[in-house]
Amino acid sequence: MNDEDGLGGLEGVVAAHTVLSEVDGAAGRLVIRGHQLDEIAQRWRYEDVVALLFQGFFDTVPNAAALRGALGRARREAFERLQPNDDAVLRKMPPIEAVRALLARLPDGDDLATALRLVAAPAVYTAAVMRWRLGVQALAPDESLPYAADMLRMLHGRTPTAAQAAALDTYLVTVCDHGLNASTFAARVVASTGAGLASAVLAGISALKGPLHGGAPGPVLDALDAIGTAANARHWLEGAVASGQRLMGFGHRIYRVRDPRADALKGALRRLSVEGSVNAARFELAEAAEQAALAILREKKPDRALETNVEFYTALLLEALGFGRESFTCVFAAGRVSGWVAHAREQVKKGRLIRPQSVYVGPMPQDADTELAH
Ligand code: CMC
C-alpha cells in the first residue's frame, strides 16, 4: 500500500458523530438507529427504514404507511419529469451515469418533499433506463404498490411475487445506511456547504459508482462467468490474485470478520430459492467460488483479514431478481439514498462546514526559482 503521507485513506479518522448507524468491524455487527440488521432485514419494508432514518431530521415525518403513499406520489412526479428524447440519449450511457443525469434535474432543497423525491426517483429511473437499453418503453409507477414491488413491476412489466418483493425489500433495507462510507462522507461534505439535499445525493452517487465501493457486484458476476465451474474456481481465482487483481466482493475497510450484510442477503436468496426464483447451479457455483476465494485470500494475504462483503451476495440476489448486472449500482443507490439524505440533514442540523487541512509538501517559491535557474 502506498501510504507516504500516513493518512491511509483516512483509516481510523472519526469525522462525524451520528445517531444513524454503527458498523462494528470486529464483531461483524451493523446497528441502524438502535436496530440490529438481522432483526430488520427480513421483516421490514423499505418504507419502514426510510421512516426510521428520517425521524427527527424533518419537521414532520409521516409514519411508514403514509410514507408509502407519499413515495408513490413522488415516483409519479419523477416519472412525469422524463422527457421525450431521454431514451435515445440515456440508453447509451452506463446506467448509473444515466440515473445520475436524471437525478441532477430534480430541484434542490432541504425539505421533506425534496427528500422524498430523491428516495423515490432512483426506483423509477433505474427501471426506465434498463428498459430503454432493451428498446422498450419506460413504465409509469403504480402509486398503490409498495416501493420494492413497484420497482420490480416497472422493470419487468408484471407484478412480482410476494417473495421477490420481499427479497428486494431485504436488499434495500440491508444497504440503507452504513456508517461513514465513502459516498455518505461525500454527501455530508456537500451538505455541509449548504448546497442542498439533491446536491449531496449527487455527490453520494458519484462516489458510489467506483468499483471499490458500489461498483463491485457487476464484476462479481463477470468473475463467476469466467470461472464457469466449481472445479475451476481455485485455479481462476489464484490466477487473478497472482496477477494483482482484487477479488470483487471480498475485503472491507472496517470489517475484519464477515460482513453481516452478506448473510442477510444470502438468507434472502435462500428464501427466494424456495419458490424456484434462483438458479440452483449458479448458487452452488457462487458458494464454491466464495470458499475458494476465502481460502486463497487467507493464504496469500495472511496479514489482512479479508472476508466476504455485501457485494458478493448482492450480485447473486439482484441477478435472481432480474436486474441486469450493469444496473446493480443503481439499485444500491436506491437503497443508500435514504442514508445519504438522513446524513445530509444530520450534518446540516448539527455540523459546521467540513473543511479539513492539508500539509503542503511541494516546493516553496525560492526552491522553484532555484530550480529554474539551473
Ligand atoms: N482481493 C485481493 N486482495 C485484497 C482485496 C481483495 N478484494 N481487498 C484488499 N486486498 C489486499 C490489498 O491488495 C492489500 O494487500 P497488500 O497490503 O499486499 O498491498 C491489503 O489487502 C489491504 O488492502 P487495503 O487497500 O488497505 O484495503 P482497504 O481497506 O483500503 O480496501 C476495499 C477496502 C473494499 C476497497 C478492498 O477490500 C477492495 O478493493 N475489495 C474489492 C472491491 C469490493 O468488493 N468493494 C466493495 C466493498 S463493500 C461495499 C461497501 O461497503 O462500500
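Predicted model only: the values in this text are computed from it and were never measured.

S.K.: Residue-level account of a positive patch on the surface, with values.
M.R.: A cluster of basic side chains, namely Arg246, Arg253, Lys301 and Arg304, defines a positive patch on the protein surface. With respect to the secondary-structure elements, arginine 253 resides in the loop between helix H12 (233-242) and helix H13 (260-274).

S.K.: Summarise the packing of aromatic side chains; cite the residues concerned and give the values.
M.R.: Where two aromatic rings form a pair, the distance of their centres and the angle of their planes describe that pair. By the definition in use, this model includes four aromatic pairs. Judged by centre distance (4.9 Å) and plane angle (65°), the rings of tyrosine 46 and tyrosine 147 are edge-to-face. Of this pair, tyrosine 46 sits in helix H2 (residues 46-54) while tyrosine 147 sits in helix H7 (residues 147-156), and the two are 101 residues apart along the sequence. For the pair tyrosine 46 and tyrosine 147, one class covers both residues: buried. Connected via pairs of aromatic rings, a cluster forms that spans Phe250, Phe312 and Tyr313.

S.K.: Can you lay out the pairing of strand E2 (residues 29-32) for me, pointing to particular residues and giving the numbers?
M.R.: In the sheet, strand E1 (residues 21-24) pairs with E2 via four bridges, with the strands oriented antiparallel. Bridge pairing in E2 links serine 21 to isoleucine 32. Between the antiparallel neighbours E1 and E2 lie four residues, among them glycine 28 with a positive phi of about 70°. Taken together, the two bridges between E2 and strand E3 (residues 35-36) define a ladder with antiparallel strand orientation. What sits directly across from valine 31, in E3, is glutamine 36. The hairpin turn running from E2 into E3, its antiparallel successor, is two residues long, and arginine 33 in that turn takes a positive phi close to 45°.

S.K.: Can you lay out H13 for me, pointing to particular residues and giving the numbers?
M.R.: Each α-helix winds once per 3.6 residues, and so residues spaced three or four apart point in a common direction. The first and last C-alpha atoms of H13 sit 22 Å apart over 15 residues, in line with the 21 Å expected at 1.5 Å per residue. Within H13, the full set of buried residues consists of Pro260, Arg261, Ala262, Ala264, Leu265, Lys266, Gly267, Ala268, Leu269 and Leu272. Its buried side turned inward, H13 meets E2, helix H1 (37-41), helix H8 (162-174), helix H14 (280-300), helix H15 (310-320) and helix H16 (328-350). The positive-phi residue at the C-terminal boundary of H13 is glycine 276, with phi of around 80°.

Here is what the cut-offs are and how they apply
- Residues numbered from 1 in each chain as written.
- Predicted model: local features only at pLDDT ≥ 70, side-chain atom pairs only at ≥ 80, totals over all residues.
- Heavy atoms only, no water.
- Patch = residues over 30% accessible without salt bridge, like charges linked within 9 Å, V, L, I, M, F, W, Y side chains within 5 Å.
- Areas by Shrake-Rupley, 256 points an atom, 1.4 Å probe, with all protein chains shown as cover.
- Salt bridge = Lys/Arg side-chain N within 4 Å of Asp/Glu carboxyl O.
- Lys, Arg positive; Asp, Glu negative; His and termini not counted.
- Charge placed at Lys NZ, Arg CZ, Asp CG, Glu CD.
- Helix = DSSP H or I, 4+ residues; strand = E, 2+ residues; numbered from the N terminus.
- Phe/Tyr/Trp six-rings, centres within 6.5 Å; stacked < 30°, edge-to-face > 60°.
- Buried < 20%, exposed > 50% of the residue type's maximum accessible area, 1.4 Å probe, protein only.
- Pairing = 2+ DSSP bridges.
- Expected span 1.5 Å × (residues − 1).
- Contact = heavy atoms within 4.5 Å.

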